[in-house]
Structure formats: structure tokens, C-alpha cells
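Architecture at a glance
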Amino acid sequence: MFVVKKWLGQLLMPLPFSLSLLLLALLLLWFTRFQKSGKLLATLSLVIIALMGMRPVSYELARSLEQTYPPFEVSQYPHIEAIVVLGNGHVSDPAVPERSWQNNISQARTLEGVRLAQAYPQAELVFSGAVAGDPLSNAEVNARMAASLGIDRSRMTLFENNKDTHDEAVSISRYLKGKKVALVSSATHLPRAMALYQGQGLDAVPAPTDYTAKQSQQPQPLYTYLPKGRYLMYSEAAIHEWIGVWWARLRGQVNE
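Summary of the structure given here. Quantities reported herein were computed from a predicted structural model and do not represent experimental measurements.

What follows covers the overall build of the chain. In terms of helices and strands, the chain carries 9 helices and 5 strands. Along the longest, intermediate and shortest principal axes, the C-alpha atoms of the chain span 70 × 45 × 45 Å. When burial is assessed residue by residue, the chain has 43% of its 256 residues classed as buried. Of the contacts formed within the chain by residues at least 6 apart in sequence, a portion of 72% connects residues at least 24 apart. Only carbon and sulfur atoms are counted for the fraction: they give 60% of the accessible area of the chain, which is about 14300 Å². Separation of charge centres in the chain, based on 24 positive and 20 negative side chains, amounts to 8 Å.

Taken together, 5 strands build an open sheet; the order of strands is S3-S2-S1-S4-S5 and the sheet is parallel. The sheet terminates laterally at strand S3 (156-159) and strand S5 (203-209), the two strands that pair on one side only. The mean angle between the axes of side-by-side strands here comes to 20 degrees, regardless of whether they run parallel or antiparallel. As defined by bridge partners, strand S2 (residues 124-128) adjoins S3 across 4 bridges and the pair is classed as parallel. Note that in S3 the partner of Ser128 across the bridge is Phe159. Here helix H5 (residues 104-119) sits on the sheet in contact with strand S1 (82-85), S2, strand S4 (180-186) and S5, set at roughly 155 degrees to S4.

Here we come to the environment of Gly150. With respect to the helices and strands, the residue Gly150 is situated in the loop between helix H6 (138-148) and S3. Between the C-alpha atom of Gly150 and that of Ala117, which follows or precedes it by 33 residues, the distance is 9.9 Å.

Bringing the packing of aromatic side chains into the picture now. Taken as a whole, this structure holds 5 aromatic pairs when the rule is applied. Where Phe72 meets Tyr120, the ring centres are 6.3 Å apart and the plane angle is 80 degrees; that geometry is what we call edge-to-face. In this pair, Phe72 sits in the loop between helix H4 (55-66) and S1 while Tyr120 sits in the loop between H5 and S2, placing the two residues 48 residues apart along the sequence. Through a chain of ring-to-ring contacts, the aromatic side chains of Phe72, Tyr77 and Tyr120 assemble into a single cluster. Over the aromatic face of Phe34 sits the side chain of Arg33, whose NZ or CZ is 5.5 Å from the ring centroid. When the ring centre of Tyr225 is taken as origin, the NZ or CZ atom of Arg55, which lies over that ring, is 4.7 Å away.

This part covers the side chain of Glu168. The residue Glu168 is located in helix H7 (residues 165-175) in this model. For the buried residue Glu168, which engages in no salt bridge, the nearest side chain bearing the opposite charge is Arg109, 7.2 Å off. Not counting residues up to four positions away in its chain, the partners in contact with Glu168 are Leu86, Ser128, Gly129, Asn162, Ser173 and Tyr197.

We now examine the pairing of S2. In the case of a regular strand, side chains alternate between the two sheet surfaces. Taking burial as the measure, the 5 residues of S2 include 5 buried ones, the bulk of the element. Of the two faces of S2, the one lined by Glu124, Val126 and Ser128 and the one lined by Leu125 and Phe127 are each fully buried. Here S1 runs beside S2; their pairing, made up of 4 bridges, is parallel. Within S2, the position partnered with Ile83 by the bridge is Leu125. Where the polypeptide runs from S2 across H6 and back to S3, its parallel neighbour, the crossover connection is right-handed.

Thresholds, definitions, all that
- Residues numbered from 1 in each chain as written.
- Predicted model: local features only at pLDDT ≥ 70, side-chain atom pairs only at ≥ 80, totals over all residues.
- Heavy atoms only, no water.
- Helix = DSSP H or I, 4+ residues; strand = E, 2+ residues; numbered from the N terminus.
- Buried < 20%, exposed > 50% of the residue type's maximum accessible area, 1.4 Å probe, protein only.
- Contact = heavy atoms within 4.5 Å.
- Areas by Shrake-Rupley, 256 points an atom, 1.4 Å probe, with all protein chains shown as cover.
- Lys, Arg positive; Asp, Glu negative; His and termini not counted.
- Charge placed at Lys NZ, Arg CZ, Asp CG, Glu CD.
- Pairing = 2+ DSSP bridges.
- Axes fitted to C-alpha atoms, helices over the stretch in contact; angles between N-to-C directions.
- Phe/Tyr/Trp six-rings, centres within 6.5 Å; stacked < 30°, edge-to-face > 60°.
- Lys NZ or Arg CZ within 6 Å of the ring centre and 35° of its normal.
- Salt bridge = Lys/Arg side-chain N within 4 Å of Asp/Glu carboxyl O.
- Right-handed = clockwise from strand over helix to strand, strands pointing away.

See below:
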């Protein structure tokens, strides 16, 4: 089921989905009589890629997710016993400095975790992130970055064996039961993560980071509305979260 879920999730992302439509369109155009259907699918593929790569579309997809919770203010939470930093990705390439192994998402989450660890010196710092296509777990790589920024490894606990956010929520919530926890993740991902962790009974407060839907305070030139790979990536991340929320609701993992 896990592998099927991962494949379906990836194939429903804008780029693979659009390329699948384009492939089907080419098959229709080259090998069948259904020329009109082929042209329609090819056009639809182009429109999806173009729209998902535009700043206003990626903004609208992500903004409502990212603004679900306000930024974490230390002054509002005087008593935090643990800080949970959710993992994302890295590549432990020996030809690259270790401080550059994290992707931008993991780096942003780790930096927020370090900020909170400095604000709450008695709090335990928990990193999640499994081994996936790399000799090291993402939790280990993120912990190394935190250690390089001055956080003692003795304060850290790593969860390296969970497949997805739901499995992490089950095991970490069981481990931290009864404690007040700051949950650190990307602002786009946090609504789903909070629902899963609170569904497991964890007393968690949100600590969003890694924002993508940022509102410019000045009018932008027209050329900034042209499709870009960066905005396609942001749209993909937002769609991934919306699909994740619906999937969790379908399986009864979160409340409506």
C-alpha cells in the first residue's frame, strides 16, 4: 500500500501528470484516428504546466495552507519541553561539504529547530527522517547540522525508521506523550502534520517555517508572471499537501 500510495502521489503531481497526458496525446495523434482527442490532451498538458509554473497560481495553492498558523513566538510559550523537527531530504555526497547536504526545505526546518533549541535550553530536540536512497537518514543529517550550529548531541533524539508523516506521528506522539511540544515543519506541510500529531494526542503547538507564498509589497514587472520552474515546484508542494490531507481524511487519520 505504501509503495502504491507513493507512486500515485508522484504521478498526480503537475509535471508527471502533464507529461502523461502529452504521451497519451502523441499516441493518439500518431497511431489512431482520434486526432481531435490527441490535440485536446496535448493542449491540456501545455496549459497545466504553464499555469502551475506561474507565480499567482502557486501563490493561491500554497497561501491558505501557509497562513493556517501564525509564526511561532517564544514569548507566547514559556514552557516547551520538546521540539520536533520533521525531515525532508538530503544527499550525502562526499564531494560536497556536509553543511550542503540538506535540501533547502530540510535546512529551513533545521534552522528553526535550532532557533527554538536556543530559546528553550532544557528542551529535547527530536529529528525525524528515514533512510531513503542514501546511506544516512535525514534525521541524522539534520542533527549533524544542528550540532554544527552549537546544539549538543546529547539533547537530540532521532526517529529514523518511519515511512511517512502518519507513522512518525504515531511513534513520536507515543514517545513524547504528556509533554508540551513545538512542532517544526514547512508552513505548507504543517496543517496536515498538526492534524496527524494532535490526532495521536500530542500536545503540540505549530512552528511554521520555509514559506513559499510570499506577498510582494511592490508591483511586480509583467515578466515575473512568466512560468518558472521554481513556481512549478511550489505548486507541486502545495498539491502534494492537499492530496495528503484528503488521503488522511479518507483513511480516518485526521478529523474533518
